[in-house]
Protein chains: 2
Amino acid sequence: MAAKSKWFVLCQFLFCVFLCCESLYQGFGHYKRHQIRQNDNTSYDYKTAYFEQKVDHYGFANDDTYKQRYLIADQFWDKNGGPIFFYTGNEGDITWFCNNTGFMWELAPKLKALLVFAEHRYYGTSLPYGPDAVKDPKKLQYLTSEQALADFAILIQELKANEPGAQSSKVIAFGGSYGGMLAAWLRIKYPNVVDGSLAASAPIWSFIGQIPCEAQLQVVTNSFKRESQTCIKNIRKSWGIINTMGATDSGRARLSTSFDLCALLNTSADTDALKSWLVDIMFNLAMVDYPYPASFLEPLPGWPIKAVCKPLSTEVMDGVPLIQALSSAVKVYYNYTGQAKCLNVNQNAVGSLGDQLWGYQACTEMVMPSCSNGVTDMFEPTTYNFSLVSDACFKQFKIRPRKSWVITEYLGKNLKTASNIIFSNGLLDPWSSGGVLKSMSSSLPVIIIPNGAHHVDLRSSNPGDTPDITKARQTEEYIIQRWVKGDNS
Amino acid sequence: MAAKSKWFVLCQFLFCVFLCCESLYQGFGHYKRHQIRQNDNTSYDYKTAYFEQKVDHYGFANDDTYKQRYLIADQFWDKNGGPIFFYTGNEGDITWFCNNTGFMWELAPKLKALLVFAEHRYYGTSLPYGPDAVKDPKKLQYLTSEQALADFAILIQELKANEPGAQSSKVIAFGGSYGGMLAAWLRIKYPNVVDGSLAASAPIWSFIGQIPCEAQLQVVTNSFKRESQTCIKNIRKSWGIINTMGATDSGRARLSTSFDLCALLNTSADTDALKSWLVDIMFNLAMVDYPYPASFLEPLPGWPIKAVCKPLSTEVMDGVPLIQALSSAVKVYYNYTGQAKCLNVNQNAVGSLGDQLWGYQACTEMVMPSCSNGVTDMFEPTTYNFSLVSDACFKQFKIRPRKSWVITEYLGKNLKTASNIIFSNGLLDPWSSGGVLKSMSSSLPVIIIPNGAHHVDLRSSNPGDTPDITKARQTEEYIIQRWVKGDNS
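What you see is a predicted model, and the numbers here were worked out from it, not measured in a lab. Sequence order as written defines the numbering, with residues in each chain counted from 1. Think of it this way: whatever chain is written first is A, whatever ligand is written first is 1, and the rest follow in order. For a predicted model such as this one, the threshold for reporting local features is a pLDDT of at least 70, and the threshold for listing and counting side-chain atom pairs is 80 or more; totals across whole chains, interfaces and linings nevertheless cover every residue. The basis for every side-chain value is the complete set of heavy atoms in the structure, and neither hydrogens nor water enter the calculation.

1. Comments concerning the overall build of chain A
Consideration 1: Counting from the N terminus, the helices are the DSSP runs of H or I reaching at least four residues and the strands are the DSSP runs of E reaching at least two. When helices and strands are tallied, chain A shows 17 helices and 12 strands.
Consideration 2: Every one of the 489 residues in chain A was classed for burial, and the buried ones make up 61%.
Consideration 3: Residue-level accessible areas treat just the shown protein chains as cover; the underlying method is Shrake-Rupley with a 1.4 Å probe. Carbon and sulfur atoms make up 52% of the accessible area of chain A, which amounts to about 17,300 Å² in all. We call a residue buried when its accessible area falls under 20% of the maximum for its residue type, exposed when it is over 50%, and partly exposed in between, using a 1.4 Å probe and counting protein chains only.

Here it is in C-alpha cells:
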C-alpha cells in the first residue's frame, strides 16, 4: 500500500517535476532586461505585457479579474498580414517557456511572425489570488484547462482587435507537453481564434481508459533497452535487492552509503522513497534523453541514458555490486558536475508552488495514471488505484478528480472533426505513450521522432540534432507555412 | 429614456415570452400519465427519468449535484444500432418541448430512433437550487449555456454507455429557437458526442455586432407587409397618434377605452407600456404566423397576421378611427376566443420563474439587441443602449452582461470548421434575422422556409402546411438519414 501511495505521489508530479524544475532556469534577471543570451549566442528580445482577464469565464457571480502576463516580440513581424505565433503557456513561469522554445524564435524571422508567449493562470506571475491561493479550494477553483483556454482565446482576440496590422493575421498556437495539449485543445475548441496548432509531445490520450497504465514506463524501459539489454536486466533485478537490503537496519545503512544519501534510510517507508526516487530518475532521463549536453532537470551529457547505463551494461550483476553500479548510474543524473556532496531522495518532492498547483490539476482534470508490470518493463509491479488517488487528492486539496470529464470536453479519441493540428512525439519520451502517433486525417499530421525526447522539436536547432529531429522541424515549418498562406485551414 | 428602458425589458424578454408562455400549455396533467393525446389523435408515450449532474462542470470547489429530468421513448428504437434523437431543452419545461416537437415523433418510427428530450438546467423541474435560486446570484451562477451543453454531453455519453444497444448509436441533436442554438453549439463543441444537429430557427448570429439591431423588427415589418402595405402604413402612423393622445388625461382615457384596457393609462410611462405591449404583439405574431390555427401564445387563426391586418388594410386612416382599427387588430391576437373582458398591457411582463431565468440569461450571455428606425420598419425609432441594459441587469441580478463572450465561445461567424448542422429558418420569423441563411459549406446545409414562422419545421406535419414547410421537413429527413447511415459525419 505504501508503495502504491508513493506511486500516486510520483505519477501525480512526474509531469510537473520536469516542467516546474525547468523553471528554475529562468531566474537570471531576464525579466528586467528582457533579453536572453542563449548558449549559442543568439539573444531573445521581448516586451512583457499584462492583460486583465476575468477570473471566471464560466460564471457571472464572481467579477474578479487578474493580470495575465504575456511576452511579445514584434521585431520579425510583417505588420501587413504577418502571422501571430502564440505559445500556450504550461504549468510554469512563461519566461522559461519563451526562452526554451527556440524553434519559434528561429521560425519567426522566416515567416515574419509576431511572437506571443502567454502565461497560464496560477503560474509565474499570473496569479488570480496571489501565491496563497493554493491553500484555499475556493480560490483555486478557477485553475482549470477550460479557464486557461478561454484566457488564451480572449487574449488572442484582443490582440487581433487592438494591435494595428493584426486583424487579418493567421494565428498559429505552439505548445509542448501540457502546453501542447492546450495548443491542440485551443484549436479544437476555438477554431475561430486559432488557424493551426503545433502540439509537441502532448499526451492528450494519457487519461484513464485511453491507454494501458503500463504504457509510460514501458517507453522508459524501451529507451533504456536501446542502449543496453544488460542495463535493463540489471535495473529490473535491483528492486528485489533493494527490498531485501531495505528490510534490515544494516541493509538500509548499506543502501544509504552506496547511494551517498544525505539522510540514513531508517524505515521501510524510506526504502520505498528510495525506489520512487530511482523510478523518477529513470522516467526523467527518458524525457530528457537529448543527443547533446543540456541542462534541464540536471546538467547532463548528450544521450544521458547511454551514460547512465554504462556502469550497468558490462554484465548482469547481483547483490551489493549491482547496487554499487546502480549508484554510479544514478550519480550521472544527479551529480554529473560533481558538485553534490550527498544525494537527497526527497529532491523531487520539494513541493514548490508550481508543483503544488500542478498537483491540483492532476487531482482535478489531469488524471493520468501510471503503473508497471515488471515483465514488459524494468520496474517493480505496481497497480493504479483511482480510489487511493481520489482520497489523497481530497486530503490535500479537499476536492476529488473527475475521471472522464477531460475526455468528454476535449473529444477523447474521436478527433475526426478536428483539423490543422500537428501532433509531434519523440519516441524516447514516456509521454509519447499518450500522444497521437498515427494520423487520423490529412489535416492532423503526425510527426514521429524516433530519436526524440520530450518536445525536442520545440528546442533551438543544435549541431547535435539527429537527422529525424532536423527533419521534424522542417516538416513543421512546411506545414505551418501552408497554414499561414491559407492553403489548409 | 423611459422608452429605451422599456425597449430593454421588451427585448430582454421577447425571446422568452414566446417560449415560456408556451410552457403554460404543458400543464394538463400529462406529467403523470406520460401520454399526450394530440389534436390529430396521435399520442406520445414516454418515460420520465432523472440523471444526477454536477452543478458546476467547470470547477471543482462546488461538489453539489442536481437531478436533471429527461424524457425517453424507446418504442420505435432499433436497439441494434438505431440512432438517438436528442432534444436539447430550451428555457422552459421539457414536457412542453417534447409534446410540441412532432417532427421528432414522426421521424423516429421511420429511422427507428430512440427519443430523448433533456431538460435545460434551472427550468421545469431540473432546478439545481430549487425555485428560490433566482433570488441569489451565487445560486444562479451555474445557469449558463456552457453548463447546459456539458449536461447534455455527459447525459448522452452516460446513455450510450449504459443503455444496452446504444454504444454505437449515432446521435442527432434537435432544437428550436434557443434550443436550436444549443443543438448547433453542442455539435460545434462536442462533435465527439453528437453526429449532427438540426438547429431550427436558431438565431446564433443575433449578438452584438453580428447584425444591425434593426434586423428583427424589419422582419416583423416584412411579415406584415406581405399581407398588406396599407396595414404597415397604418401601424407606422399609429405611434404618433398614441403619443399625442397619451400626452393628455383625456387622450389616455380614450386610449384605455379603445383598447379595452383593464387598467386606465394614468401617466406617460403607462402610454410607453402600451406601445411596448403593441410591439410585443406584433413581434409575437410574426413568430407564430403559422398557416393553420394554433394555440401558442394565444389561440389564433391560421395566418394570424392576415387576420390582424384585416381591420388595418382597407385604407390609410388617422386619429381615433385608426386607434379603433388597431384595437380591433390587437383583439385578434389577445381575444380571438372572445373570453377576455379586458386587455392587460402588463400581460407579457408577468415575470414567471421561466421569464425571470431567461431574463438572467439575457443579462449574462444572451445579449441580443433590438432597435428600430421607423423608416425601413413600421415602428417608432428606438436605439439600443448597452450601458442601460447593463445597468438594468445589475439592478435586477447584481451581474453585468458580457458583450462578446458568446461570440468567442461559439465561433461567431467563423463556422468554416463546423460540420453536420442544418440551419433552418422561416422567413416570417423575426429571429431569422440572426440565423444562418446562406450555406457556408456542404456540411452546413441551410434550409429557408419562405412561408415559415418560428421553427415551424419542428412541429407536426399539418394539412395546412405550405409546400415549402413540407419540403423543409423532407430535406431534413433526407440529411438526417444520411448522417445516421454515416455518409457524412
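2. Some points on helix α4 (residues 102-111) of chain A
Helical geometry: 3.6 residues make up each α-helical turn, so side chains three or four residues apart lie on a common side.
Consideration 1: Most of α4(A) sits inside the fold, with seven of its 10 residues counted as buried.
Consideration 2: Immediately downstream of α4(A), the backbone of A:Lys112 shows phi near 55°, a positive value.

3. Notes on the pairing of strand β11 (residues 421-426) of chain A
All names here are of chain A.
Consideration 1: Of all six residues making up β11, six are buried, and the element is well covered by its neighbours.
Consideration 2: By the alternation rule, side chains of β11 split into Ile421, Phe423 and Asn425 and Ile422, Ser424 and Gly426, which are all buried.
Consideration 3: Taken together, the four bridges between β11 and strand β12 (residues 446-449) define a ladder with parallel strand orientation. Bridge pairing in β12 links phenylalanine 423 to valine 446. Any two strands with at least two DSSP-identified bridges between them are counted as paired.

4. Here we look at the relation of the copies chain B and chain A
Consideration 1: Alignment of copies: least-squares fit on C-alpha atoms of residues with pLDDT of at least 70 in both copies. Between chain B and chain A, the superposition needs a rotation of 180° and an axial shift of 0.0 Å, giving an RMSD of 0.1 Å. Overall, the copies show the geometry of a two-fold rotation axis. In terms of C-alpha distance to the rotation axis, chain B has B:Lys189 as its closest residue, with the C-alpha 3.2 Å off the axis.
Consideration 2: Contacts: residue pairs with any heavy atoms within 4.5 Å of one another. A symmetric contact is evident, with 100% of the interface residues of chain B recurring at the interface of chain A.

5. Quick notes on the sheet that holds strand β7 (residues 171-176) of chain B
Sheet strands associate in pairs through backbone hydrogen bonding, adopting either a parallel or an antiparallel arrangement.
All names here are of chain B.
Consideration 1: Here we have eight strands laid out as an open sheet, ordered β3-β4-β6-β5-β7-β8-β11-β12, and mixed in their pairing. Each having just a single partner strand, β3 (47-54) and β12 (446-449) make up the two edges of the open sheet. In this sheet, neighbouring strand axes are inclined to one another by 20° on average, regardless of whether the strands run parallel or antiparallel.
Consideration 2: Here, axes are lines fitted to C-alpha atoms. For helices the fit covers the stretch in contact, and angles between N-to-C directions go from 0 to 180 degrees. Those strands touched by helix α7 (residues 178-189) are β5 (84-88), β7, β8 (196-200) and β11 (421-426), and its axis lies near 150° from that of β7.

6. Digging into the state of the cysteines
Consideration 1: Whenever a pair of cysteine sulfur atoms sits within 2.5 Å, that pair is classed as a disulfide. If you walk through the whole model with that rule in mind, you get eight disulfides over all chains.
Consideration 2: Note on cysteine connectivity: A:Cys262 is disulfide-linked to A:Cys342, with sulfurs 2.0 Å apart. Torsion about the S-S bond of the A:Cys262 and A:Cys342 cystine: about 100°, corresponding to right-handed handedness. A residue pair is termed long-range when its members are at least 10 positions apart, and A:Cys262 in the loop between α10 (249-258) and α11 (268-287) and A:Cys342 in the loop between α13 (319-334) and α14 (353-362) qualify at 80 residues.
Consideration 3: The exposure class assigned to A:Cys342 is partly exposed, which follows from its relative accessible area of 32%.
Consideration 4: Here B:Cys363 pairs with B:Cys393 through a disulfide, and the sulfurs are 2.0 Å apart. Taking the torsion about the sulfur-sulfur bond, which here is approximately -80°, the covalent link between B:Cys363 and B:Cys393 counts as left-handed. With B:Cys363 in the loop between α14 (353-362) and α15 (386-397) and B:Cys393 in helix α15, this pair connects stretches of sequence that are 30 residues apart.
Consideration 5: A relative accessible area of 0% places B:Cys363 in the buried class.

7. Some thoughts on helix α10 (residues 249-258) of chain B
Residues and elements named next belong to chain B.
Consideration 1: Burial in α10 covers these residues: Gly251, Arg252, Leu255, Ser256 and Ser258. Seen end-on, α10 carries its buried residues on one side only, within an arc spanning 165°. Of the residues in α10, the exposed ones pointing more than 90 degrees away from the buried face are Asp249, Ser250 and Thr257.
Consideration 2: Taken together, the buried residues of α10 touch α9 (229-246), α11 (268-287) and α13 (319-334).
Consideration 3: Once α10 ends, the next one or two residues include aspartate 260, with phi positive near 50°. Picture the helix axis, draw a direction to every C-beta atom, and the arc is the one those directions span.

8. Quick word on the side chain of B:Ser460
Residue and element names in this part refer to chain B.
Consideration 1: Mapped onto the secondary structure, serine 460 falls in the loop between β12 and α17 (467-485).
Consideration 2: Pairs of N or O atoms within 3.5 Å make up the polar contacts considered here, provided that, within protein, one atom can donate a hydrogen while the other can accept it, and that residues adjacent in sequence are counted only when both atoms are side-chain atoms. Within the structure, serine 460 has its side chain in polar contact with the side chain of tyrosine 44 (distance 3.3 Å).
Consideration 3: Beyond its immediate sequence surroundings of up to four residues, serine 460 is in contact with Tyr44, Gly102, Phe103, Glu106, Tyr292, Asp465 and Arg473.

9. Remarks on the pattern of salt bridges
All names here are of chain A.
Consideration 1: Between Lys or Arg on one side and Asp or Glu on the other, a salt bridge is scored when a side-chain nitrogen of the former is within 4 Å of a carboxyl oxygen of the latter. A full pass over the atoms with the stated rule returns 30 salt bridges over all chains.
Consideration 2: Ionic pairing is found between aspartate 74 and lysine 47, a salt bridge with its closest N-O pair at 4.0 Å. One end of the pair, aspartate 74, is in the loop between β4 (65-73) and β5 (84-88); the other, lysine 47, is in strand β3 (residues 47-54), and 27 residues separate them in sequence.

10. So, the interface of chain B and chain A
Consideration 1: Counting residues at the interface gives 39 residues for chain B and 39 residues for chain A.
Consideration 2: For any pair of parts, buried area is found by adding up, for both, the accessible area (1.4 Å probe) each one loses once the two are put together. Summed over both sides, the interface between chain B and chain A buries roughly 3,400 Å², with carbon and sulfur atoms accounting for 57% of that surface.
Consideration 3: For the chain B face of the interface with chain A, the top three residues by lost area are B:Tyr58, B:Phe60 and B:Arg402, together amounting to 25%.
Consideration 4: Seen at the junction of chain B and chain A, the total is zero salt bridges.
Consideration 5: For the pair chain B and chain A, the interface holds 15 residue pairs in polar contact (both at pLDDT 80 or more).

11. Section: the pairing of strand β8 (residues 196-200) of chain A
All names here are of chain A.
Consideration 1: Burial within β8 is extensive, with five of its five residues counted as buried.
Consideration 2: Two strands pair when backbone bridges link them, and strand β7 (residues 171-176) and β8 are joined in this way by five bridges, in the parallel orientation. Looking at the pairing, phenylalanine 174 lines up with leucine 198 of β8.
Consideration 3: Between the parallel pair β7 and β8, the chain is carried across by helix α7 (residues 178-189), and the sense of this crossover is right-handed. The crossover handedness rule: strands pointing away from the viewer, path from first strand over the helix to second strand clockwise, crossover right-handed.

12. A closer look at the domain arrangement of chain A
All names here are of chain A.
Consideration 1: We note that the domain assignment places domain 1 (3-16 + 212-356) and domain 2 (32-208 + 408-484) within chain A.
Consideration 2: If you average the C-alpha positions of domain 1 and of domain 2, the two centres end up 31 Å apart.
Consideration 3: Of the residues lining the interface, 22 residues belong to domain 1; the matching set on domain 2 comes to 30 residues.
Consideration 4: Seen at the junction of domain 1 and domain 2, the total is zero salt bridges. Here the bounds of each domain stem from an automatic or database domain assignment.

13. Observations regarding the packing of aromatic side chains
Residue and element names in this part refer to chain A.
Consideration 1: Two rings belonging to Phe, Tyr or Trp (six-membered ring only in the last case) form a pair when the distance between their centres is within 6.5 Å. Interplanar angles under 30 degrees mark stacking, angles over 60 mark edge-to-face geometry, and anything in between is tilted. Summed over all chains, the structure comprises 41 aromatic pairs over all chains.
Consideration 2: Ring centres 5.7 Å apart and planes at 75° place the aromatic pair phenylalanine 86 and phenylalanine 152 in the edge-to-face group. Of the two residues, phenylalanine 86 sits in strand β5 while phenylalanine 152 sits in helix α6 (residues 145-162), which places them 66 residues apart along the sequence. Accessibility classification places phenylalanine 86 together with phenylalanine 152 in one group, the buried group.
Consideration 3: Taking 6.0 Å as the distance between ring centres and 25° as the angle between the ring planes, the aromatic pair formed by tyrosine 87 and phenylalanine 117 counts as stacked. Of the two residues, tyrosine 87 sits in strand β5 while phenylalanine 117 sits in strand β6 (residues 114-118), which places them 30 residues apart along the sequence.
Consideration 4: For tyrosine 87, a relative accessible area of 2% translates into the label buried.

14. Description of the confidence of the model for chain A
Residues and elements named next belong to chain A.
Consideration 1: For chain A, the mean per-residue pLDDT works out to 89, and 89% of the residues sit at or above 70.
Consideration 2: The pLDDT score gives, residue by residue, the confidence of the prediction method on a 0 to 100 scale. Scored below 50 in pLDDT, residues 1-41 shows 104 contacts in the model against residues more than four places distant or in partner chains.
Consideration 3: Predicted as a complex, the structure gets a pTM of 0.91 and an ipTM equal to 0.90.

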